[in-house]
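Okay, here's what each chain looks like letter by letter:
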Amino acid sequence: MDWSPILPDSLVLEIFLRLPHDAVLSAGLTCHQWLAVSRDEFLWRELFYSYYRIPRAVPRHPAAVSWHREFKRLFDCIPCVEVQSLGQHSDQVLHLAFSHRGHRFSSCSKDCTVKLWDTERPDGNIALVHSSSMRQFNWGYTQFSQFNADDTLLLVSGVYLGPHNSSSGEIAVISLENYTLLSRVRNKPYDVFGCWLNETHLISGNLHWIGNMTSCSVLWLNKAFQDIESENVNVVKRLFKIQNINASTIRTVMVAHCRRHDNPDLLLDYEAQSEARRQKGPQPQHQPLLFDLGTSGSEDEGDVDEEECGGRDAPLQGFSSPRHPLPTYSSLEHVMQSCKHVGQRELQIETHVAQLMGRTHTKAPESSRIDHCDPSDGEDKTYLLFTTGSLTYSPHQIGIKLIKPEQMTTSGPVLGEERSSDEFFDSLDHVIDIHGHIIGMGLSPDHRYLYVNSRAWPAGCVISDPMSPPPIAEEIDLHVIDLKNLREERRSLRAHRAFTPNDECFFIFLDVSRDFVASGAEDKHGYIWDRHYNICLARLAHNDVVNSVAFSPADQELLLSASDDGSIKVWRSPRMVRLAQAPARPPKPRSLLTSWLIRSKNPPATGSVNGKS
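From a predicted model like this one, the values you see are computed outputs, not experimental measurements.

### Some points on the overall build of the protein chain
What the protein chain contains, in helices and strands, is 11 helices and 30 strands. Counting the 613 residues in the protein chain, one finds 55% classified as buried. Looking at the protein chain as shown, the accessible area adds up to about 28,100 Å², and 53% of this sits on carbon and sulfur atoms.

### Some points on the pattern of salt bridges
By the definition in use, this model includes 19 salt bridges. Notably, a salt bridge pairs Lys404 with Glu406, separated by 3.9 Å at the nearest N-O pair. Each member of the salt-bridge network shares a partner with another, and the members are Glu70, Arg73, Arg514, Asp515 and Asp530.

### A closer look at the sheet that holds strand E4 (residues 113–118)
Taken in spatial order, the 4 strands of this open sheet run E2-E3-E4-E5, and their pairing is antiparallel. With partners counted over all chains shown, the strands left at the sheet margins are strand E2 (93–98) and strand E5 (127–133), one partner each. Neighbouring strand axes in the sheet, compared pairwise and without regard to direction, differ in orientation by 20 degrees on average. Looking at chain direction, E2 and strand E3 (residues 104–109) are connected through 5 bridges and run antiparallel. When the bridges of E3 are listed, Phe98 appears paired with Phe105.

### Details of the UniProt feature "repeat: WD" (unreviewed entry) in the protein chain
Cross-referencing UniProt, the feature "repeat: WD" (unreviewed entry) maps to residues 86–120 and 539–571 in the present numbering. Taken as a whole, residues 86–120 contains 0% helix and 54% strand, while its terminal C-alpha atoms sit 16 Å from one another. From the first C-alpha to the last, residues 539–571 spans 11 Å; its make-up is 0% helix and 70% strand.

### Observations concerning the sheet that holds strand E27 (residues 535–541)
The strand order across the open sheet built from 4 strands is E24-E25-E26-E27, with neighbouring strands paired in antiparallel fashion. Lying at the two open borders of the sheet, with one neighbouring strand each, are strand E24 (510–512) and E27. Neighbour to neighbour, the strand axes of the sheet diverge by 15 degrees on average, direction disregarded. Bridge count for strand E26 (residues 525–530) against E27 is 6 bridges, and the pairing is antiparallel. Bridging from a neighbouring strand, His525 pairs with Ala541 of E27.

### Details of the packing of aromatic side chains
Going through the model one piece at a time under the given rule, you end up with 22 aromatic pairs. Linked through ring pairs, Trp44, Phe48, Tyr49, Tyr51, Tyr52, Trp67, Phe71, Phe75 and Tyr533 together constitute an aromatic cluster. A cation sits over an aromatic face here: Arg60 above Trp67, 5.2 Å from the ring centre. In this structure, Lys110 packs its charged tip against the face of Tyr141, placed 5.2 Å from the ring centre.

### Here's the deal with the environment of Gly389
By the element assignment, Gly389 lies in the loop between strand E16 (381–388) and strand E17 (397–403). Along the primary structure Gly389 and His437 are separated by 48 residues, whereas in three dimensions their C-alpha atoms are 9.7 Å apart. Among all residues touching Gly389, those that are not within four sequence positions of it are Ser248, His396 and Gln397.

### Considerations on the layout of surface pockets
Considered as a void within the structure, the largest pocket measures approximately 1,200 Å³ in volume. Lining the largest pocket are 47 residues; nearest its centre among them are His100, Gln146, Leu443, His447 and Asp511. The class makeup of the residues in the lining of the largest pocket is 25 nonpolar, 17 polar and 5 charged.

### Topic: helix H5 (residues 67–76)
Of all the 10 residues making up H5, 7 are buried; the element is thus mostly covered by neighbouring parts of the structure. Listed in full, the buried residues belonging to H5 are Trp67, His68, Glu70, Phe71, Arg73, Leu74 and Asp76.

### Observations regarding unusual backbone geometry
Note that the residue after Lys188, namely Pro189, is joined by a cis bond; omega there is -5 degrees. Tracing the sequence through the fold places Pro189 in the loop between strand E9 (181–187) and strand E10 (195–196). Positioned with a positive phi, Asn138 is a non-glycine residue whose angle comes to about 70 degrees. Within the element layout of this structure, Asn138 appears in the loop between E5 and strand E6 (139–147).

### Overview of the packing of helix H4 (residues 41–52) against H5
Running from N to C, H4 and H5 cross one another at 30 degrees; their axes reach a closest spacing of 8 Å. Taken together, the axis directions place H4 and H5 in an arrangement best described as roughly parallel. Listed contacts from H5 to Glu41, Trp44, Arg45, Leu47, Phe48, Tyr49, Tyr51 and Tyr52 of H4 are Trp67, His68, Glu70, Phe71, Leu74 and Phe75.

### As for the environment of Phe193
Within the secondary structure layout, Phe193 lies in the loop between E9 and E10. Note on Phe193: relative accessible area 6%, which makes it buried. Along the sequence, Phe193 and Ile171 sit 22 residues apart, while their C-alpha atoms lie 7.9 Å from each other. Filtering out sequence-adjacent residues up to four positions away, Phe193 remains in contact with Gln143, Phe144, Leu155, Ser157, Ile171, Asn187, Thr252, Phe507 and Phe509.

### Some remarks on the nonpolar core
Counting residues in hydrophobic clusters, the biggest one holds 34 residues, and the most contacted among them are Phe48, Tyr52, Ile54, Leu74 and Leu559. Sorting elements by how many residues they give to this core places H4 first, with 6 residues. Among the nonpolar cores identified, the runner-up in size contains 18 residues, and Leu402, Val452, Ile481 and Leu483 belong to it.

### Examining the confidence of the model for the protein chain
The predicted model of the protein chain has a mean per-residue pLDDT of 80, with 72% of residues at 70 or higher. Contacts of residues 324–330 to residues separated by more than four positions or lying in other chains number 16 contacts, the stretch itself having pLDDT below 50. Contacts of residues 604–613 to residues separated by more than four positions or lying in other chains number 1 contact, the stretch itself having pLDDT below 50.

Definitions and limits used
Residues numbered from 1 in each chain as written. Predicted model: local features only at pLDDT ≥ 70, side-chain atom pairs only at ≥ 80, totals over all residues. Heavy atoms only, no water. Helix = DSSP H or I, 4+ residues; strand = E, 2+ residues; numbered from the N terminus. Buried < 20%, exposed > 50% of the residue type's maximum accessible area, 1.4 Å probe, protein only. Areas by Shrake-Rupley, 256 points an atom, 1.4 Å probe, with all protein chains shown as cover. Salt bridge = Lys/Arg side-chain N within 4 Å of Asp/Glu carboxyl O. Pairing = 2+ DSSP bridges. Axes fitted to C-alpha atoms, helices over the stretch in contact; angles between N-to-C directions. UniProt positions renumbered as here; feature names shortened; annotations may be inferred. Phe/Tyr/Trp six-rings, centres within 6.5 Å; stacked < 30°, edge-to-face > 60°. Lys NZ or Arg CZ within 6 Å of the ring centre and 35° of its normal. Contact = heavy atoms within 4.5 Å. 1 Å grid on protein atoms, 1.4 Å probe; cavity = no way out; pocket = protein on both sides within 12 Å on 5 of 7 lines; lining within 4 Å. Points joined across faces, edges and corners; volume = space filled by probe spheres on them. Nonpolar A, V, L, I, M, F, W, Y, C, P; charged D, E, K, R; others polar. Parallel < 35°, antiparallel > 145°, perpendicular 65-115°, else oblique. Core = buried A, V, L, I, M, F, W, Y, C linked by side-chain atoms within 4.5 Å. pLDDT = per-residue confidence, 0-100.

Next comes the structure, spelled out in structure tokens:
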């Protein structure tokens, strides 16, 4: 009997090109011919570009082996299915951080606790293993945490309530072996947060006012604890002293270990994407792309340097405030009150004098130290990254300082490298202006790319009063900065929104995995984008502002999100959910005949007859 197909393959392909992807997969189960056509690479290339609305000039991911598998990766491997909700915090959850192994994560909250969670339970659920309250140390709340490189210590940053209702920051170091407190370090302003430089040393900040709108930020290297064997070794050393003008301060410090990038975790083809945008011409108002990934529920609604700085100590000004601030004295109010008693002319003179002093008393940058990373250069570089500004109090610039190898420990003079009398401040090695209010930063796993959340200023705006920054957009832009060449590559990741004004806007923590980047937002959702194709893939619903997201470094198909609704939600990919729900396959019983044939074909090696095997 003739079983030749009724329709030629070319006609079946033309029909499949007009069907949605799920219909193509269903049709492929009909017969062998349709199955073969439903796996055609040309078909899945067309379905891929049309479904995800990606410009065709953007190439396929360099690690992808086929268009069908690449479509499936974006459709099936996004952590967008809620599998668990953790409600042990009694107030807003502000930050989440995974250990480097991915076996634990920590959470910080307005309830003033830091909690540790286990992600490796046999039943697949996440469970609380430890909780520490910081109220006994007069903290207002915990706001940030970070594991050191070998996951033995936890840095916890929070707001310390001082006398006269003033507030600054403090950093605590907790041993993860027995959960004991090893040290506490002053940190001012508190949204410096602090970070690890290496396994045993952390970076903190201090702020000294030397005028109404002029200050000095000092960044300190601190030893996490002092052993008995190291009584004569410094536990603190000054790294940098940087002048701030126009009421700006240094905040949000982080360390990037910028290696030679021989094997980056992902190479982004920005040139192809830029060319695709040029070919398409002017674009209409951006509409975020959100794809149905089978998640119907998620689619709904210490002053060692005080005398040297020569200034008075004052509370923090212009910080990124929490949504429901504690009854503390806001230093932004302090600056505004100071400016009320000083005329505009005097403030302009102060700014001019500060700029003049900065030019004449700042150590010149060593430009050769921070030239663009050369892959042929065998030297690894360590950058200190932070937000700063020069025009107004809202953070609008990324400052970069290269940390030299001899600065990695607290050995040597407490005040670090001595300067001449004419070199009072350290200069920034590199500055990237974002032209907007920066509200979040995160590094890619290989530390090559820095992702920055910002709310843009109007195009062409001019700032005449440092205390009156321009209005900021509700849309949040996610910038991408390549630390290999120290330039911004693109600013087109957008879908999330925020609504607070300049003086109330707060930090939204983002995170980056090998293939994805995720961020919280004030619109009660978290968002996930693909790093290569530059598209928004999913949004994750909460009942209030989403403050923080975190990918597991061991498995990017596991994501956590933290919200003002007091919950931590656990999200897994549809693929992982199916695998977890699939019943274990029992071993197939062997028939007697099959077992006898296998034994006779492979006789035991230990058996012998008359000395022969």
